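Architecture at a glance
Take a look at the letters that make up each chain.
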Amino acid sequence: MLEKSLPSCDYTGQTAFIREKETIFAREWVAVCREEEIANDGDWQVFDIAGESILLVRGKGGGLSAFYNVCRHRGARLCVPKDEPQKPGRATLPSAVQPNGLIRCPYHAWTYNSDGALIGAPFLSEDPAFPKQDFSLYPAGCDVWAGFVFVHLIPAEARKLADQLGAIPDRVQNYPLGSLRIGHRIRYEVDANWKIVCENYNECYHCGPVHPELCALVPAFRSAGGAGLAWDDGIPHRPGAYTFTWSGTSTRAAFPGLSAAERSNHKGELAYPNLFLSLACEHVTAYILRPRGPSRTDVECLFLFAPEEINHPTFDHTDASSFWDTVNQQDWAICERVQQGISSRVHEHGYYAPMEDANLDMRRYIQER
Ligand code: FES
Ligand SMILES: [Fe+2]
């Protein structure tokens, strides 16, 4: 009746975290951002994927490329994340990525084009004996689905992104995900293992005790511990409500092309390993998980709207974003309590109750890898 969850040490120790970097984050497509965040020639971003720094660049021809953020000469980091605080007094080095998309290492000025090929190394590259072609940047894989940019750390071994996503694109095909834009963003630092955050997203057994406001909007979350929810059709709201806002309604138009059920119900998807989608009829909330260590996960929560709504003079995301923030903060608080609790020496593993069936997904997902 009760199934054992993964052993607690899988959520708390460095050994499991390093293993997951190798077996999951280096071998799966990992969501990193929205395409609009790197929209123009010469735009760049740096992302940490389970401890690997990856440089994403929009080249002159408009294509996206991803590289390990490491110069082939003596290994200098090419770019630092734009939001990384600088040490007091430390010199600011020039950005490696030039407006034309060329990448010039700040150390000895080895220069790469946006495909990663070395095109210049001062005093060396004029020498015909210097094998420039052997010193391209280390490539990472890069692909886009529904406006989300994904990166793969070992592109030579990568399956197709579509194969990894499986049936998800079909299930959300009526939502215009690719054309939605970020209307608001909240960044959270959660002191819990990334799998705890996924498992929590996967079940609604906790919704009654943890989310009173959410259950007032979606009473189905309270019944039977969330067991048997028909996620394929979406979950219905209380009478008169049709979206995830404080009022359950919105002045924003529903996305065109939704089915009748999708115009009034709520859908959710977990695209392993690190992208959650919560789909309402007029906004989509996306969560990108960034595991930082065994007991720390940064979560980027993006609120996506139709561009014409964002451009409307009266656009106000707060009816949705503040509702979600309330629900999110409840989730992060309970996830942190789980991390604290399972770190006890007496707790070897937990249990999944039958109404948490979706949780078996995570156990299977980890064990298969
Ligand atoms: S380390 Fe990059 S050019 Fe020397
Ligand atoms: Fe929750």
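Residues numbered from 1 in each chain as written. Chains lettered and ligands numbered in written order. Predicted model: local features only at pLDDT ≥ 70, side-chain atom pairs only at ≥ 80, totals over all residues. Heavy atoms only, no water.

**Focus: the overall build of the chain**
Per the secondary structure count, the chain includes 11 helices and 17 strands. Expected size for 369 residues packed as a compact globule is a radius of gyration near 21 Å; at 22 Å, the chain falls within 12% of this value. Across its three principal axes, the chain shows a C-alpha extent of roughly 75 × 55 × 45 Å. Residues counted as buried form 50% of the 369 residues belonging to the chain. Considering only contacts in the chain between residues 6 or more positions apart, those separated by 24 or more positions represent 65%. Surface summary for the chain: the accessible area is close to 17200 Å², and the carbon and sulfur share equals 51%. (Helix = DSSP H or I, 4+ residues; strand = E, 2+ residues; numbered from the N terminus. Rg over C-alpha atoms; globule rule 2.2 N^0.38 Å. Buried < 20%, exposed > 50% of the residue type's maximum accessible area, 1.4 Å probe, protein only. Contact = heavy atoms within 4.5 Å. Areas by Shrake-Rupley, 256 points an atom, 1.4 Å probe, with all protein chains shown as cover.)

**Looking at the state of the cysteines**
Applying the stated rule across the entire model yields 1 disulfide. There is a disulfide in this structure between Cys 204 and Cys 207, and the S-S distance comes to 2.1 Å. Taking the torsion about the sulfur-sulfur bond, which here is approximately -90°, the covalent link between Cys 204 and Cys 207 counts as left-handed. The closest cysteine sulfur to the non-disulfide-bonded Cys 9 is located on Cys 198, 18 Å from its own sulfur. (Disulfide = S-S within 2.5 Å.)

**Some words on the environment of Gly 257**
Mapped onto the secondary structure, Gly 257 falls in the loop between strand 12 (235-236) and helix 8 (260-264). Look at Gly 257 and you get exposed, because its relative accessible area is 58%. Expressed as a C-alpha distance, the spacing of Gly 257 and Gln 330, which sit 73 residues apart in the sequence, is 33 Å.

**Examining unusual backbone geometry**
With omega at 5°, the peptide bond leading from Tyr 272 into Pro 273 counts as cis. Located in the positive-phi region is Ala 50, a residue other than glycine, with phi close to 45°. Structurally, Ala 50 can be placed in the loop between strand 3 (44-49) and strand 4 (52-58). In this model, Ala 109 sits at a positive phi of 70°, which is unusual for a non-glycine residue. Within the element layout of this structure, Ala 109 appears in the loop between strand 6 (103-104) and strand 7 (111-112).

**Considering helix 11 (residues 360-368)**
Three- or four-residue spacings in an α-helix give side chains the same orientation, since the helix completes a turn every 3.6 residues. For helix 11, the set of buried residues is Leu 360, Met 362, Arg 363, Tyr 365 and Ile 366. Against strand 1 (3-7), helix 2 (14-25), helix 5 (194-202) and strand 17 (349-352) lie the buried residues of helix 11.

**Some words on the domain arrangement of the chain**
Domain parsing of the chain yields domain 1 (30-157) and domain 2 (168-368). For domain 1 versus domain 2, the separation of C-alpha centres amounts to 33 Å. Facing the 16 residues of domain 1 at the interface are 21 residues of domain 2. Between domain 1 and domain 2 lies a buried interface of about 1400 Å² when both sides are counted; carbon and sulfur atoms form 62% of it. In this structure, the connection of domain 1 to domain 2 is made through 2 salt bridges. Mapped by element, the contributors of at least two residues to the side of domain 1 that touches domain 2 are strand 2 (30-34), strand 3 and strand 10 (148-152). Tallying contributions element by element places strand 2 first for the side of domain 1 that touches domain 2, with 5 residues. (Domains from an automatic or database assignment. Buried area = accessible area lost by both parts, 1.4 Å probe. Salt bridge = Lys/Arg side-chain N within 4 Å of Asp/Glu carboxyl O.)

**Focus on the environment of Ser 114**
Secondary-structure assignment places Ser 114 in the loop between strand 7 and strand 8 (118-120). The spatial distance from the C-alpha of Ser 114 to the C-alpha of Ala 230 is 46 Å, given a sequence separation of 116 residues.

**Notes on helix 2**
Those residues of helix 2 not exposed but buried are Ala 16, Phe 17, Glu 20, Lys 21, Ile 24 and Phe 25. Burial along helix 2 is one-sided: seen end-on, the buried residues are contained in an arc of 145°. (Arc of directions from axis to C-beta.)

**Examining the pattern of salt bridges**
Under the definition given, this model contains 23 salt bridges. One salt bridge connects Arg 19 with Asp 10, and the closest N-O pair in it is separated by 3.3 Å. For Glu 189, the salt bridge is made with Arg 296, and the minimal N-O distance between the two is 3.6 Å. Taken together, the residues Glu 189 in strand 11 (residues 181-190) and Arg 296 in strand 16 (residues 296-305) connect sequence positions 107 residues apart. A relative accessible area of 28% means that Arg 296 is categorised as partly exposed. What you see here is one network of salt bridges that share partners, running through Glu 37, Arg 185, Arg 187, Arg 290 and Glu 300.

**With respect to the coordination of the iron ion (ligand 2)**
Bound to the iron ion (ligand 2) are the protein donor atoms His 206 (NE2), His 211 (NE2), Asp 331 (OD) and Asp 331 (OD), situated 2.0 to 2.7 Å from the metal. Between consecutive donors of the iron ion (ligand 2), the numbers of intervening residues give the motif H-x4-H-x119-D. Under the relative-accessibility criterion, His 206 is labelled buried at 12%. (Donors = N, O, S within 2.8 Å, 3.2 Å for Na, K, Ca; no water.)

**Describing the packing of helix 5 against helix 11**
The N-to-C vectors of helix 5 and helix 11 enclose an angle of 140°; their axes lie 9 Å apart at closest approach. Relative to helix 11, the element helix 5 lies oblique. Touching Trp 194, Lys 195, Cys 198, Glu 199 and Asn 202 of helix 5 are Asp 361, Met 362, Tyr 365 and Ile 366, all from helix 11. Of the residues in the contact of helix 5 with helix 11, the class split is 5 nonpolar, 1 polar and 3 charged. (Axes fitted to C-alpha atoms, helices over the stretch in contact; angles between N-to-C directions. Parallel < 35°, antiparallel > 145°, perpendicular 65-115°, else oblique. Nonpolar A, V, L, I, M, F, W, Y, C, P; charged D, E, K, R; others polar.)

**Notes on the pairing of strand 4**
Counting buried positions along strand 4 gives 6 out of 7 residues, so the element sits mostly inside the fold. Both strand 3 and strand 4 contribute to a ladder of 6 bridges, which runs antiparallel. Across the sheet, residue Phe 47 finds its bridge partner in strand 4, namely Ile 54. Taken together, strand 3 and the strand that follows it, strand 4, pair antiparallel across an intervening segment of 2 residues, in which Ala 50 is found at a positive phi of about 45°. (Pairing = 2+ DSSP bridges.)

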